[in-house]
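# Coordinate analysis (summary)
For reference, the chains in residue letters:
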Amino acid sequence: MMLTAVLFAALVAQASASVTGSITEQWWGGFKYSFTVSEASTVESWCYHIDIGGDIDGFECDWATVATKSGQGYKVCNNANDGHIDGGSSYAGECVVRCSQACSGNSWSYSLALTEDGGSGGSGPAATSAPSGGNTDAPSVPSGNGGTAPGTGGGASVGTTGGQGTKPYGEALKKSILFYDAQRSGTLPANNPIPWRHNSAESDCVNGGWYDAGDHVKFGLPFGEATNVLLWGMYAFKDGYAQAGALDSAYDSVRWATDYMLKAYDSGSHQLVAQIGDGDADHSYWGPPEGMNMGRPCMKVGPGKTAAELYGEWAGALAAGYLVFKDKG
């Protein structure tokens, strides 16, 4: 289901403030909501209660690190050392809302309301905006993959549960694996763990692999380095992966990389695909890989075009892959 409403309520201790906002960017699976708050009086700390209606996986805000689930949405507060706002000044922020389905901003409705004293009342000034014919009611938020705020779960040293004072390293390990799964290119398997990712770049000269560093080029050197380090980490700390319940997902993740390496080498011509995509063209495109339509050149090395570093790095990664998978059983 697509998002049907966004209710953005600012919770501040001062009544003399105004807030404006709008959807500034949208893409398959999410949108960016930008806002500006103007304060008439000086404040030393602030929080916002964000209610989001529809099927979502979660949200991120670049201006705050404290986020907790609260009612139908999230309560997001200022950074520990960044709560002071001078009277007569304004500040801007933005949130990225993530949903697991295709979202169309043309059908969204949203409203902004400034409330007082922790949001218990509705007497503060308000501003609303909605497309023609839109629904301004905000339904409750169903639970999703991102339904809990970061940092709210406990954890043992490498496990996923634990008591006060422990660090959730097991959860951190699992999420680090998901980062690589989110970079997958090509025809994705039915069990792909990232629900908002879909098939992309299926016409590449080699299907599969990982995108690089937030853009959509497939560079051979950083890809080989990442695969090498991940595999050696699994080889050296297999018990840690197992204790965290992350071993199977790690196997699945790195196999995606080693399978691509094997497909990228042509034993007949002794050529290796070293890069797919044009960095300049790619960096001028600000959208998801599912929407790419630029040319993606296929660049190869081999006889007459030597690349000892690339060959050595990939050979090392595949050797590490042998050590990891021979004990998998």
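Scroll up to find the structure this text is about.
Cut-offs and rules
Residues numbered from 1 in each chain as written. Predicted model: local features only at pLDDT ≥ 70, side-chain atom pairs only at ≥ 80, totals over all residues. Heavy atoms only, no water. Salt bridge = Lys/Arg side-chain N within 4 Å of Asp/Glu carboxyl O. Helix = DSSP H or I, 4+ residues; strand = E, 2+ residues; numbered from the N terminus. Buried < 20%, exposed > 50% of the residue type's maximum accessible area, 1.4 Å probe, protein only. Pairing = 2+ DSSP bridges. Phe/Tyr/Trp six-rings, centres within 6.5 Å; stacked < 30°, edge-to-face > 60°. Lys NZ or Arg CZ within 6 Å of the ring centre and 35° of its normal. Expected span 1.5 Å × (residues − 1). Contact = heavy atoms within 4.5 Å.

## Description of the pattern of salt bridges
Evaluation of the coordinates by the stated rule reveals eight salt bridges. Close ionic contact of Lys218 with Asp204 constitutes a salt bridge, the shortest N to O distance being 3.1 Å. With Lys218 in strand β11 (residues 218–219) and Asp204 in the loop between α1 (169–182) and β11, this pair connects stretches of sequence that are 14 residues apart. The exposure classification of Lys218 matches that of Asp204, with both residues buried. Residues Asp204 and Arg296 are paired through a salt bridge, measuring 2.8 Å at the closest nitrogen-oxygen approach. One end of the pair, Asp204, is in the loop between α1 and β11; the other, Arg296, is in the loop between α5 (279–283) and β14 (298–301), and 92 residues separate them in sequence. Comparing Asp204 with Arg296 shows no difference in burial state: the two are buried. One continuous salt-bridge network, built from bridges that share partners, spans Glu171, Lys174 and Lys175.

## What to know about the pairing of strand β8 (residues 90–98)
Alternating positions in β8 separate cleanly, Tyr91, Gly93, Cys95 and Val97 being buried on one face and Ser90, Ala92, Glu94, Val96 and Arg98 remaining unburied on the opposite face. Bridge count between strand β3 (residues 30–39) and β8: nine bridges; the pairing is antiparallel. In the sheet register, Phe35 faces β8, and the bridge partner there is Gly93.

## Considering the packing of aromatic side chains
Inspection of the entire model under this criterion finds eight aromatic pairs. Judged by centre distance (5.5 Å) and plane angle (75°), the rings of Trp210 and Phe223 are edge-to-face. Of this pair, Trp210 sits in the loop between α1 and β11 while Phe223 sits in helix α2 (residues 220–236), placing them 13 residues apart in sequence. Taken as a pair, Trp210 and Phe223 share a single burial class, namely buried. Measuring from centroid to centroid gives 5.7 Å for Phe223 and Trp314, while their planes differ by 65°, and the two rings are edge-to-face. Here Trp314 lies in helix α6 (residues 308–326) and Phe223 lies in helix α2, a separation of 91 residues in the sequence. Judged by its relative accessible area of 6%, Phe223 is buried. The ring of Phe325 carries Arg255 above its face, with NZ or CZ at 4.3 Å from the centroid. One residue, Lys328, lies across the ring of Tyr251, its end atom 5.2 Å from the ring centre.

## Description of α2
The end-to-end C-alpha distance of α2 is 24 Å, a good match for the 24 Å that 17 residues give at a rise of 1.5 Å each. When we look at burial in α2, the residues that qualify are Gly220, Phe223, Gly224, Ala226, Thr227, Asn228, Leu230, Leu231, Gly233 and Met234. Those residues of α2 that are buried are in contact with α1, β11, α3 (238–243), α4 (247–264), β13 (271–276) and α6.

## Digging into the side chain of Gln183
Along the chain, Gln183 turns up in the loop between α1 and β11. For Gln183, a relative accessible area of 13% gives the class buried. The contact partners of Gln183, leaving out residues within four places of it in the chain, are Arg197, Gly209, Trp210, Tyr211 and Gly214.

So far we have only geometry, and geometry alone does not tell us how the molecule works.
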